[in-house]
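# Structural features, examined
Here is what each chain is made of, one letter per residue.
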Amino acid sequence: PILTEDRVEEQELMMLNVGVGSKASVLRARLSGGLRALKSDMSVYQAANPGSTLHDFVRWYSPRDWQPGGEGSSLGVLSDRFSHPYNVWLT
């Protein structure tokens, strides 16, 4: 959709008034379109890597948010940032 000047100003006000905290971060991501881009990246990754999981995607897309398991283990866990209940990636 085309954004008119008044619509841009309205979105700026929403972004400024959304507050702080985890829920506000999720809302800001949705308002800014970042979530749409992330979903697109995830879809492309999954199409190129059939059978892949969210953990596979995170290891590729954001390696610092993947904590490998013990020595010799292929298993690992998502970082605390990604495990938070209001994380954009998990919504």
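What comes next concerns the included structure. (Residues numbered from 1 in each chain as written. Predicted model: local features only at pLDDT ≥ 70, side-chain atom pairs only at ≥ 80, totals over all residues. Heavy atoms only, no water.)

This part is about the overall build of the chain. The secondary structure content of the chain amounts to five helices and two strands. Along the chain direction, N to C, the helices and strands of the chain fall in the order α-α-α-α-β-β-α. Evaluated residue by residue, the chain yields a buried proportion of 23% over its 91 residues. Contacts in the chain between residues at least 24 apart in sequence constitute 26% of all its contacts with a sequence separation of at least 6. Of the roughly 6700 Å² of accessible surface on the chain, a fraction of 57% belongs to carbon and sulfur atoms. (Helix = DSSP H or I, 4+ residues; strand = E, 2+ residues; numbered from the N terminus. Buried < 20%, exposed > 50% of the residue type's maximum accessible area, 1.4 Å probe, protein only. Contact = heavy atoms within 4.5 Å. Areas by Shrake-Rupley, 256 points an atom, 1.4 Å probe, with all protein chains shown as cover.)

Attention now goes to helix α1 (residues 5–17). Given 3.6 residues per helical turn, the α-helix brings residues three or four places apart onto the same face. In this model α1 runs 19 Å from its N-terminal to its C-terminal C-alpha over 13 residues, within 8% of the 18 Å that 1.5 Å per residue would give. Of the residues flanking the end of α1, it is Gly19, one or two places downstream, whose phi is positive at about 95°. (Expected span 1.5 Å × (residues − 1).)

Going through the model one piece at a time under the given rule, you end up with five aromatic pairs. Residues Trp60 and Tyr61 carry aromatic rings whose centres are separated by 6.0 Å and whose planes lie at 45° to one another, so their mutual orientation is tilted. Take Trp60: its relative accessible area is 53%, and that puts it in the exposed class. What links up through ring pairs into an aromatic cluster is the set Tyr45, Phe57, Trp60 and Tyr61. The ring of Trp66 has Arg59 sitting right over it, with the charged end atom 4.9 Å from the ring centre. (Phe/Tyr/Trp six-rings, centres within 6.5 Å; stacked < 30°, edge-to-face > 60°. Lys NZ or Arg CZ within 6 Å of the ring centre and 35° of its normal.)

Within this structure, the stated rule accounts for one salt bridge. Across the salt bridge formed by Asp56 and Arg59, the nearest N and O atoms sit 2.5 Å from each other. Pair noted here: Asp56 and Arg59 are both in helix α4 (residues 54–61), with a separation of three residues, about one helical turn. (Salt bridge = Lys/Arg side-chain N within 4 Å of Asp/Glu carboxyl O.)

By relative accessible area, Asp56 is classed as partly exposed at 21%. Through-space distance from the C-alpha of Asp56 to that of Trp66 is 9.2 Å; in sequence the pair is 10 residues apart. Contacts of Asp56, omitting those with residues within four sequence positions, involve Tyr45 and Gly51.

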